[in-house]
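Observations on chain architecture
Residue-level listing of the chains:
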Amino acid sequence: MYKYRGVKISIVEGDITKIKADAIVNAANNTLLGGGGVDGAIHRAGGPTILEQCKKIGGCPTGEARITTAGNMPSKYVIHTVGPIYDDGTKNEEQLLYNAYYNSLKLAKEYKLKTVAFPSISTGVYGYPKNKAGRVAIRGVMDFINNENDIEEIIFVLFSKDNYLLYKELLDDELGD
Ligand code: APR
C-alpha cells in the first residue's frame, strides 16, 4: 500500500467485479454496449441494469467517462471509460489513455466518491503495452491527486501476477519509501 499526498494507493491481483469500492472503472468501447474482457465480466456480474443505463447514455468518446449503477456487484457505481486502441504510439494513444484515467476520477469527484478501483485500461484487446500503460495510469492518477484531490483511495486491480508485479515495481519507483 502506498500514500501520495494523503491518498491511499493500493494494488490488488484479482477480479475487479469482486472489489468493494464506491466505483469500479470499466474498460469499455465507444458504444458502451459491452464486450469481452473486463467489460464482459462487469456486465455479467452486474446484471442487465448496467446495459439498460448504458443504452440510455448512448456511447462514450475515447478518453471520456460515463457512470452507471454497479447492479449486483458490491460497488455502488461503474465508471465506464474508453481507452485508446494502441497502434504504434504516434496516434495520441498516451494522451487518450491519460485522459481515460483523469476523466474517470473527475467523474468520481462529481459524484463525491471516495474509493475508485481501476483495471489496466487498454492493455488487453486494445493492445497497449502493459508497462507503458502502467506508467500513464500512475501519472494520470498522481496528476489528478495534485490538481483536484478529493479521493481517499485508488485501487489498481490487476488480473495477472505479472501485471501486479509490474505495477508494484512502478509504484515502488514512484512512491516507495
Ligand atoms: N478484473 C480485472 N481486470 C480484468 C478482468 C477482471 N475481471 N478481466 C480482464 N481484465 C484485464 C485484462 O487482463 C487487461 O489487463 O483488464 C485489462 C484490460 O483488458 P480488456 O478488458 O481487454 O480491455 P481493453 O484492452 O481496454 O479493450 C477494451 O475490449 O472487452 C472489450 O468492450 C471492450 O471493446 C472493448 C475492448
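Relevant structure appears above.
Residues numbered from 1 in each chain as written. Predicted model: local features only at pLDDT ≥ 70, side-chain atom pairs only at ≥ 80, totals over all residues. Heavy atoms only, no water.

1. A word on the overall build of the protein chain
From N to C terminus, the protein chain includes 5 helices and 7 strands. Taken against the 2.2 N^0.38 rule, which gives 16 Å for 177 residues, the C-alpha radius of gyration of the protein chain at 15 Å falls within 12% of a compact globule. Overall, the C-alpha framework of the protein chain stretches about 45 × 35 × 30 Å when taken along its three principal axes. Residue burial in the protein chain is summarised as follows: out of 177 residues, 51% are buried. Within the protein chain, contacts between residues separated by at least 24 positions form 69% of all contacts whose residues are at least 6 apart in sequence. When the accessible area of the protein chain is evaluated, it comes to approximately 8,200 Å², of which 49% is carbon and sulfur surface. Distance from the positive charge centre (21 side chains) to the negative charge centre (22 side chains) of the protein chain: 5 Å. (Helix = DSSP H or I, 4+ residues; strand = E, 2+ residues; numbered from the N terminus. Rg over C-alpha atoms; globule rule 2.2 N^0.38 Å. Buried < 20%, exposed > 50% of the residue type's maximum accessible area, 1.4 Å probe, protein only. Contact = heavy atoms within 4.5 Å. Areas by Shrake-Rupley, 256 points an atom, 1.4 Å probe, with all protein chains shown as cover. Lys, Arg positive; Asp, Glu negative; His and termini not counted. Charge placed at Lys NZ, Arg CZ, Asp CG, Glu CD.)

2. Overview of the site of the ligand
Taken together, 22 residues surround the ligand, and among them Gly36, Val38, Asp39, Ser122 and Gly124 come closest. Residue Asp15 places a side-chain N or O atom 3.0 Å away from a nitrogen atom belonging to the ligand. Between the ligand and Asp39 there is a distance of 2.7 Å, counted from an oxygen atom to a side-chain nitrogen or oxygen. With respect to the detected pockets, the ligand is housed in the largest pocket. If you list the elements that add at least two residues to the shell around the ligand, you get strand 3 (23-28) and helix 1 (37-46). (Near = heavy atom within 4 Å. Polar contact = N/O pair within 3.5 Å; in protein donor to acceptor, adjacent residues only side chain to side chain. 1 Å grid on protein atoms, 1.4 Å probe; cavity = no way out; pocket = protein on both sides within 12 Å on 5 of 7 lines; lining within 4 Å. Sits in = over half its atoms within 2 Å of the grid points.)

3. A short note on unusual backbone geometry
The phi dihedral of Asn92 falls on the positive side, at around 65°, and the residue is not glycine. Non-glycine residue Lys112 carries a positive phi angle of around 55°. On the secondary structure map, Lys112 appears in the loop between helix 3 (93-110) and strand 6 (115-118).

4. Observations regarding the nonpolar core
Membership of the largest hydrophobic core comes to 41 residues, with the highest contact counts inside it found for Ile9, Ile79, Tyr101, Phe118, Val141, Ile154 and Phe156. Examining the composition of this core, we find that 8 residues originate from one element, helix 4 (residues 130-148), more than from any other. Each residue touching Ile154, except ones within four places of it in the same chain, is listed here: Val7, Lys8, Ile9, Ser10, Leu105, Val116, Phe118 and Val141. Counting 17 residues, the second largest nonpolar core, distinct from the first, contains Ala28, Ile42, Cys60 and Ala70. (Core = buried A, V, L, I, M, F, W, Y, C linked by side-chain atoms within 4.5 Å.)

5. Comments concerning helix 4
Taking 1.5 Å as the rise per residue, helix 4 with 19 residues should run 27 Å; its terminal C-alpha atoms sit 26 Å apart, in good agreement. Contact partners of the buried residues in helix 4: strand 1 (2-4), strand 2 (7-13), helix 3, strand 6, strand 7 (153-158) and helix 5 (161-175). (Expected span 1.5 Å × (residues − 1).)

6. Some points on the pairing of strand 3
Where burial is concerned, most of strand 3 is hidden: 5 out of the 6 residues are buried. Relative to strand 5 (residues 77-82), strand 3 runs parallel, the two being bridged by 6 bridges. The partner of Ala28 across the bridge, within strand 5, is Val82. In this sheet, strand 6 lies alongside strand 3 in parallel orientation, the contact comprising 2 bridges. Considered in strand 6, the bridge of Ile24 is made with Ala117. (Pairing = 2+ DSSP bridges.)

7. Let's talk about the pattern of salt bridges
Enumeration according to the criterion identifies 10 salt bridges in this entry. Linking Lys161 and Glu13 is a salt bridge whose minimum nitrogen-to-oxygen distance equals 3.7 Å. Highlighted residues: Lys161 in helix 5 and Glu13 in strand 2, separated in sequence by 148 residues. Residue class for Lys161 comes out partly exposed when judged on its relative accessible area of 49%. When salt bridges with common partners are traced through the structure, they connect Asp87, Asp88 and Lys91 into a single cluster. (Salt bridge = Lys/Arg side-chain N within 4 Å of Asp/Glu carboxyl O.)

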